[in-house]
Amino acid sequence: MTANITGFKSDQVVLVTAGASGIGLCIAQTFMAQGCKVHICDIDSSSVKQFTEVYPAATASVTDISKPVDVDQLFEDINQHYGKLDILINNAGIAGPTAAVEDIDIDAWNQTVNINLSGPFYITRKAVPLLKKSGGGSIINIASNAGLFGLPLRSAYTASKWAIIGLTKTWAMELGADNIRVNALCPGSVNGPRIEQVIERDALERAVSTASIREIYQRQSSMRLFVDAQDVANMALFLSSDLGAKISGQAMGIDGHTEGLSNWLT
Ligand code: NAD
């Protein structure tokens, strides 16, 4: 169910990274439904083209957030279109390798850290001056429940998501006096194509069925569930509204309460 917050300030400019598909697209749609001016970026040019065709009122850039030169161009585009920014959703992130620590490919490690950790840093350092100019704002970092627990066979992903929670708390401290709130969302498994790929890779690595991996993932949640992208988008909207005006520096589970991410089969 889509949240609809009465009195949400609809003239706000929102940047959603990796907004052309998955959770980011759902977040973009949710803010657009509130009347916000939404700019998305994504590395996938065909998804960006499709997005701008479906949502002509929104704007978009083709951006690899792990490349500072791309991020500079993204902010030139935002400045040209709007000259301001009120809400930043650092959503882009990849699953990274599924492998035991001794088997992780170094390039795959670096790619995961570059996109999941350095990317949000490159974006945020350019966004903060604009948020300050707006007199305040909301930064939402999409972390994961893997930012709150250990997760076997996902070292690079887990490291990058713990790190983004550290940045969330640090930035909340640095920016609180400027009326900029910074929070992290920690979804559990989110229904959609990405979790299906994660399940398939995990099943392959362990030589077991995808059904047993899915059952393990579901049992990690007290409520025995996977969440939907809309659940994540609704919390991003709440935290960016006046209802969330005094919430900062938090890492919030959206996961039916994760008890732990131990996924050993025996
Ligand atoms: P996804 O794999 O569906 O990817 C969404 C988009 O990211 C795609 O459009 C892709 O083109 C874009 N992208 C990939 N690399 C990029 C880059 N370098 N620069 C810009 N765009 C790039 O992902 P998702 O499931 O929508 O996940 C979104 C966020 O939520 C990620 O940070 C992810 O770690 C987090 N998350 C996802 C789940 C889940 O189960 N799907 C669970 C917890 C947290």
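Check the entry above for the structure.
Residues numbered from 1 in each chain as written. Predicted model: local features only at pLDDT ≥ 70, side-chain atom pairs only at ≥ 80, totals over all residues. Heavy atoms only, no water.

**Student:** It is not clear to me how the overall build of the chain should be interpreted in this structure. Could you clarify?
**Tutor:** Across its full length, the chain holds eight helices and seven strands. A globule of 266 residues ought to have a C-alpha radius of gyration of about 18 Å, and the chain, at 18 Å, matches this closely. Each of the three principal axes of the chain carries a C-alpha extent, and together these read 55 × 35 × 35 Å. Looking at the chain as a whole, 53% of its 266 residues are labelled buried. A sequence separation of at least 24 residues applies to 72% of the contacts in the chain between residues at least 6 apart. Working note: accessible area of the chain is about 12100 Å², and carbon and sulfur atoms make up 54% of it. (Helix = DSSP H or I, 4+ residues; strand = E, 2+ residues; numbered from the N terminus. Rg over C-alpha atoms; globule rule 2.2 N^0.38 Å. Buried < 20%, exposed > 50% of the residue type's maximum accessible area, 1.4 Å probe, protein only. Contact = heavy atoms within 4.5 Å. Areas by Shrake-Rupley, 256 points an atom, 1.4 Å probe, with all protein chains shown as cover.)

**Student:** Looking at this model, I keep getting lost on the layout of surface pockets. Mind explaining?
**Tutor:** Over the atoms rolls a probe the size of a water molecule, and its path tells where empty space is left. Here the second largest pocket defines a volume of roughly 300 Å³. As for the second largest pocket, its lining consists of 17 residues, of which Lys9, Gln12, Gly137, Arg181 and Asp242 are closest to the centre. Residues belonging to the lining of the second largest pocket are distributed by class as follows: three nonpolar, nine polar and five charged. (1 Å grid on protein atoms, 1.4 Å probe; cavity = no way out; pocket = protein on both sides within 12 Å on 5 of 7 lines; lining within 4 Å. Points joined across faces, edges and corners; volume = space filled by probe spheres on them. Nonpolar A, V, L, I, M, F, W, Y, C, P; charged D, E, K, R; others polar.)

**Student:** It is not clear to me how the sheet that holds strand β3 (residues 59-62) should be interpreted in this structure. Could you clarify?
**Tutor:** Strand pairing in a sheet relies on backbone hydrogen bonds. The paired strands run either parallel or antiparallel. The strand order across the open sheet formed by seven strands is β3-β2-β1-β4-β5-β6-β7, and the pairing between neighbours is parallel. Edge strands, defined here as strands with exactly one partner in the open sheet, are β3 and β7 (251-254). Looking at each pair of strands side by side, their axes are set apart by 20° on average, direction ignored. Bridging between strand β5 (residues 137-142) and strand β6 (residues 180-187) involves six bridges; their strand directions are parallel. (Pairing = 2+ DSSP bridges. Axes fitted to C-alpha atoms, helices over the stretch in contact; angles between N-to-C directions.)

**Student:** Explanation requested: the site of the ligand in the structure shown.
**Tutor:** Around the ligand, 26 residues are found, and the nearest of them are Ser21, Ile23, Asp42, Asn91 and Arg194. Contact between the ligand and Asp42: an oxygen atom at 2.5 Å from a side-chain N or O atom of the residue. The protein chains hide 88% of the 840 Å² of surface that the ligand would expose on its own. Counting residues per element, the ones that place at least two in the shell around the ligand are α1 (22-33), α5 (155-175) and α6 (193-206). Looking at the shell around the ligand residue by residue, the class counts come to 13 nonpolar, eight polar and five charged. (Near = heavy atom within 4 Å. Polar contact = N/O pair within 3.5 Å; in protein donor to acceptor, adjacent residues only side chain to side chain.)

**Student:** Looking at this model, I keep getting lost on the pairing of strand β4 (residues 87-90). Mind explaining?
**Tutor:** Along any regular strand, the residues point their side chains to alternate faces of the sheet. Alternating positions in β4 separate into two faces, Ile87 and Ile89 on one and Leu88 and Asn90 on the other, with burial throughout. Pairing analysis gives three bridges linking strand β1 (residues 13-17) to β4, with the strands arranged parallel. What sits directly across from Leu15, in β4, is Leu88. Sheet analysis places β4 next to β5, joined by four bridges and oriented parallel. Within β5, the position partnered with Ile87 by the bridge is Ser138. Chirality of the crossover, the property in question, places the unit of β4, helix α4 (residues 106-133) and β5 among those that are right-handed. (Right-handed = clockwise from strand over helix to strand, strands pointing away.)

**Student:** Honestly, empty space enclosed by the protein in this entry has me stumped. Any pointers?
**Tutor:** This model, assessed by the stated rule, comprises one cavity of 30 Å³ or more. Volume-wise, the largest cavity comes out at about 70 Å³. Lining the largest cavity are Asn145, Gly188, Ser189, Tyr217, Gln220, Ser221, Leu225, Phe226, Val227, Asp255 and Thr258.

**Student:** Would you mind going over unusual backbone geometry with me for this structure?
**Tutor:** A negative phi angle is the norm for most residues apart from glycine, just as the trans form is the norm for most peptide bonds. A positive phi angle is found at Ala18, which is not glycine, with a value near 55°. Along the chain, Ala18 turns up in the loop between β1 and α1. Of the residues examined, Ala18 reaches a relative accessible area of 19% and is grouped as buried. Here Arg224, not a glycine, exhibits a phi torsion of approximately 55°, which is positive. Relative to the assigned elements, Arg224 resides in the loop between α7 (210-219) and α8 (229-240).

**Student:** What am I meant to see in α4 here?
**Tutor:** Since one α-helical turn is 3.6 residues long, residues separated by three or four positions face the same way. If you check α4, its first and last C-alpha atoms are 40 Å apart, about what 28 residues at 1.5 Å a residue would give, namely 40 Å. Just beyond α4, the residue with positive phi is Gly135, at close to 85°. (Expected span 1.5 Å × (residues − 1).)

**Student:** What is the right way to read the packing of helix α3 (residues 68-81) against α4 from this model?
**Tutor:** Helix packing geometry: the angle between the two helix axes and the distance between the axes. It is the contact of α3 with α4, at a shortest axis distance of 9 Å, that shows an interaxial angle of 25°. Judged by the inter-axis angle, α3 sits roughly parallel to α4. Relative to α4, α3 is oriented so that their crossing is right-handed. Two secondary-structure elements touch here, α3 through Pro68, Val71, Asp72, Leu74, Phe75, Ile78 and Asn79 and α4 through Tyr122, Ile123, Lys126, Ala127 and Leu130. (Parallel < 35°, antiparallel > 145°, perpendicular 65-115°, else oblique. Left-handed = near helix turned anticlockwise from the far one by under 90°.)

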